[in-house]
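Results of the structural survey
As a plain string of letters, each chain reads:
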Amino acid sequence: MVIMVCVRVPWLLVLACLVSALHAIENHLVIAPQFPVVEIGTNFTATCLIINTTEVSADDLYWKLSGNVVPKDQYTRINASALAVTVPVRGEELEWLFCSSKEVSDYVSVNNGKFIHGITLTKGYPPQKPENLTCVAVQEEDEIPPTLSCAWAPVGRQAPHVPINYTLNVAMLRNKLRVVTTECNARVSLGQTFPYYVHLEVWVEAQNELGRIETEHLTEDADWFVKTSPPSNVNVISEKTIPTSLLVNWTHPIPKVYLKLINEIRFCQNGSQGWTSVPLVDTANSMPPFRLQNLQPDTVYIVQVRCKHARPGYGYWSKWSTNTSKKTTEDQPKSKPDVWRIVAEGDDVNERYVLIVSKEPVRRNGRIKSFNIKVQGQKDKVKNGGWGWESVDVNGSEADRNSGQRKIYSLKEMRLSNDESVEVFVTAVNSVGTSPKASIIIPRRSHERLPVEDLKVWSHEGQLWVEWKPLNSKDVSEYVVEWVTDGQTDWQRENSSTRHTVIKGSLQKFVCYTVSLYPMYARRIGKSASMEAYLEQGAPLEGPVVKLDGRAEHNHAKLLWKEIPQSRRRGFITNYTVFYSNGTKTHAVTVPANTTSYTLTSLSRNTRYDTWIRASTIRGYANGIKHTFITQKYAPGEIEGVVVGVSFGFLFVVLLFMLLCIYKREVIKENFWPRIPNPGESTIGTWSPDYPLKAEIPKENCLSGISVLDVDVCDGKSVFEEDKTSLPLKKDKYLSEEHSSGIGGSSCMSSPRQSVSDSDEGGDVADTTASTVQYSSVVASSGYKGQTPSCQPPQAVFSRSESTQPLLDSEENSDVLLQEGSRQSGRFLTPPCFTQNQDNADPTDHDQLETGQQDGLGALDFCPLKEDSEPKASTGSQSHDWMPAVPASSYMPQLGGYRPQ
């Protein structure tokens, strides 16, 4: 209650002051407090007072924060003229809080500016107690200056509008020194000189508008704050008689009369990152110089020294002195050389090349000048030509020794048969003495013992790890891890209990290493297990070079390529991708990494193709150079096959044509030389249904064909003259060339042509009757020329022969011819008869006869033959005249059709 009264009284005073101040400016609303600084994360309460008016009351007031109306549930009505509001404080930015009145009257509306008032909320954080207050007096030149430098760590947050001020306070004797700053460090002067052994009290105050706080007080002597400079003139001395020791000497930075100091010494080998410190108990009461012991001979060491107040808990350690290096003197080598062998296949199947190599001893204690080597067989027979050691000089430089890598020296190369076993002894020699002897046994190949199992090699965090399954054998003394690349070999040894290790050599990225693990059986080398690995893989530097195997065929081509050189791969090849393009479309085929050839199929004929190979690793790929080829237009043997096929086809056609000509010679003969049928051999007479079928043998003197003449009936001239027109009848000849045209052709219209076949062809008539066209002929029994016909007119017989010539119109239309023949017969009162008188023969009658054939054929009718009449055979010369009787009708009608022959 007392606190509340103390707080409320100042507020009342503030309100009274505000009312008197605002009365002067005649404002009717005022907010208290006027300039608040509020703590972020808390609630702030403000009060709005109504003064010098009764126009409004507390019920007419409302609040706004940053332009937003504050909800009424945050209002508190104190009385009719006072209204309080409580708002949360968030964020570090400034905010405006306004108190306003509603327009409840005209006076309020007109004087609206007098009924509004606002304040600014300044936000911040209260100060927190600083931590880690430290003060130090740092030595400058040869003395401690009278200046104390202090620093501290601020705690909590600090708003930009409410900064925190720090005050460094130092109480010394009866004086109090103060330094104000907004930073987290400050320096204060302690007077003219440093006050040794004077008691000091140091603390820091943090203060702002929201509060004040101070740190804990440091109460110590002035010596407690001293930090000297590092020791000077540090010197390291080596002793030839003691190659494992160095003497270190230095100078204190400040006289002992002012401060008593202790020292700390540390050292390391040159190039090493690990320091070795001398225990403080060994250097606490010692004075320079100090001896460093148990060092490595012929080794460069770096030494540093620092110091501080000797009183426990007082002062600060100085900085370390600058590096001082010194090399210990040489000593006899204390460890064995690391001897190994490299085996390669010999020229003979039962031979091998062995190269003996060695590294310098780990504790070589000086520069190695030479190696001694001895090779001894199973029967103590020395392979180098004598009972003794062979010395091999080496030229190791100081740079090789300082590089941190043990150089490998080639000692001896020799040939061994696979059935030969030797033991190799090696020692290293420096300027002081000889190292202990190292040896290995190279067994016969048939006696090499089993390798390790489940060897794994992988890269992890920039290192190459090796893991294996150990052998269940107590004879294994150690393991040798070997890695080879580009003819360079290195190795390291691991004890028999090791299951995995990291290769400690200098490995390079993108280089392939062949890692091998050898078990060692009491100096005997066992069989190895090997794997290839990369410390880090990358994309290949180049792609494979592709070429054709032979030439491209019409639809396929075989591609060949070589593997990328090992130095250009930069990783394991995962696969090859074969690309080929014809200019419009690109195809891609992926093949395994162990493939170096591929055959492209389904190619187009006579087409240009571009092809290239892409080699891929897990980190990228590289494309090879493009190769262009053109496919063949024809397949192998295709042209020859076409030529041979066409030749055989032509030959087959020729042979077929020849065979056809041979087997069908008669048909060809009939087509090219058609047979003219003999009308005299026609059997048309036997086809009539009114006459019985009987075989009639043609007589030689029978008239088998006549020529039709168109002559005048009343013409009394003889048509033919015996001596001019009669032709001798030969055997099997029936008509001459001039007058025998057959009834099938118009005798009046056609020109003279050969119509009679030879007698030797008469035998084939019966064979060809089935395929010939029937031919019409008229046979008269009146005999040859000059014969006188009988008194009674014989009847003409119409018959058909087997001829290939087309039918006459009279044969096709027999009924019409009958009617026409009747009409023509009626024109004559008496039937005309043709008479040929030899005495009255005139040569011109033959011409008149041919002219008369053009006047018309219808004026001449044939005299029918009697049924039983047959032509008489003529013997000798036929000189009698004959005249056929006028026929009573035309062709005999065929009532029953043609009879089959």
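Note: the structure precedes this text.
Rules and cut-offs
- Residues numbered from 1 in each chain as written.
- Predicted model: local features only at pLDDT ≥ 70, side-chain atom pairs only at ≥ 80, totals over all residues.
- Heavy atoms only, no water.
- Buried < 20%, exposed > 50% of the residue type's maximum accessible area, 1.4 Å probe, protein only.
- Helix = DSSP H or I, 4+ residues; strand = E, 2+ residues; numbered from the N terminus.
- Pairing = 2+ DSSP bridges.
- Phe/Tyr/Trp six-rings, centres within 6.5 Å; stacked < 30°, edge-to-face > 60°.
- Lys NZ or Arg CZ within 6 Å of the ring centre and 35° of its normal.
- Contact = heavy atoms within 4.5 Å.
- Disulfide = S-S within 2.5 Å.

1. Digging into the pairing of strand E15 (residues 199-208)
Where burial is concerned, most of E15 is hidden: 7 out of the 10 residues are buried. Relative to E15, strand E12 (residues 165-172) runs antiparallel, the two being bridged by 8 bridges. For Val-170, the partnering residue across the bridge sits in E15 and is Val-202. Taken together, the 4 bridges between E15 and strand E16 (residues 211-214) define a ladder with antiparallel strand orientation. What sits directly across from Ala-206, in E16, is Ile-213. The turn linking E15 back onto E16 is made up of 2 residues.

2. Quick look at the packing of aromatic side chains
The geometry of an aromatic ring pair comes down to the distance between the two centres and the angle between the two planes. Applying the stated criterion across every chain, the model contains 19 aromatic pairs. For the pair Trp-96 and Phe-98, a centre-to-centre distance of 5.8 Å together with 15° between the ring planes defines the contact as stacked. When the ring of Phe-371 is compared with that of Tyr-409, the centres are 5.5 Å apart and the planes differ by 45°; the resulting orientation is tilted. Of the two residues, Phe-371 sits in strand E28 (residues 370-377) while Tyr-409 sits in strand E30 (residues 408-417), which places them 38 residues apart along the sequence. Each member of the aromatic cluster is reached from another via a ring pair, and the members are Phe-194, Tyr-196 and Tyr-258. Here Arg-449 stacks its cationic end above the ring of Tyr-521, 4.2 Å away from the centre of that ring. The aromatic ring of Phe-510 is capped on one face by Arg-570, whose charged end is 4.0 Å from the ring centroid.

3. Considering the side chain of Thr-215
Relative to the helices and strands, Thr-215 resides in the loop between E16 and strand E17 (218-221). With near-sequence residues (within four places) excluded, Thr-215 lies in contact with Lys-129, Pro-130, Leu-133, Trp-203 and Val-204.

4. Considerations on the pairing of strand E14 (residues 185-189)
Only one face of E14 is buried, namely the one carrying Ala-186 and Val-188, since none of Asn-185, Arg-187 and Ser-189 on the opposite face is buried. Pairing geometry for strand E11 (residues 147-153) and E14, over 5 bridges, is antiparallel. From the neighbouring strand, Thr-147 faces E14, where its bridge partner is Ser-189.

5. A look at the sheet that holds strand E10 (residues 131-138)
With respect to topology, 4 strands assemble into an open sheet ordered E14-E11-E10-E18, the strand pairing being mixed. What marks the edges here is a single partner per strand, and that holds for E14 and strand E18 (226-227). With 2 bridges joining them, E10 and E18 adopt parallel strand pairing. The partner of Val-138 across the bridge, within E18, is Lys-227.

6. Some thoughts on the state of the cysteines
Tallied over the full model, the rule gives 2 disulfides. Disulfide pairing is shown between Cys-48 and Cys-99; the S-S distance is 2.1 Å. Between Cys-48 and Cys-99, the disulfide has an S-S torsion of -90° and is therefore left-handed. Here Cys-48 is found in strand E3 (residues 43-50), whereas its partner Cys-99 is found in strand E8 (residues 95-101), with 51 residues between them in sequence. On the accessibility criterion, Cys-48 (0% relative accessible area) is buried. One disulfide bridge connects Cys-135 with Cys-150, the sulfur atoms lying 2.0 Å from each other. Residues Cys-135 and Cys-150 share a disulfide whose torsion about the S-S bond is about 115°; that sign makes it right-handed. With Cys-135 in strand E10 and Cys-150 in strand E11, this pair connects stretches of sequence that are 15 residues apart.

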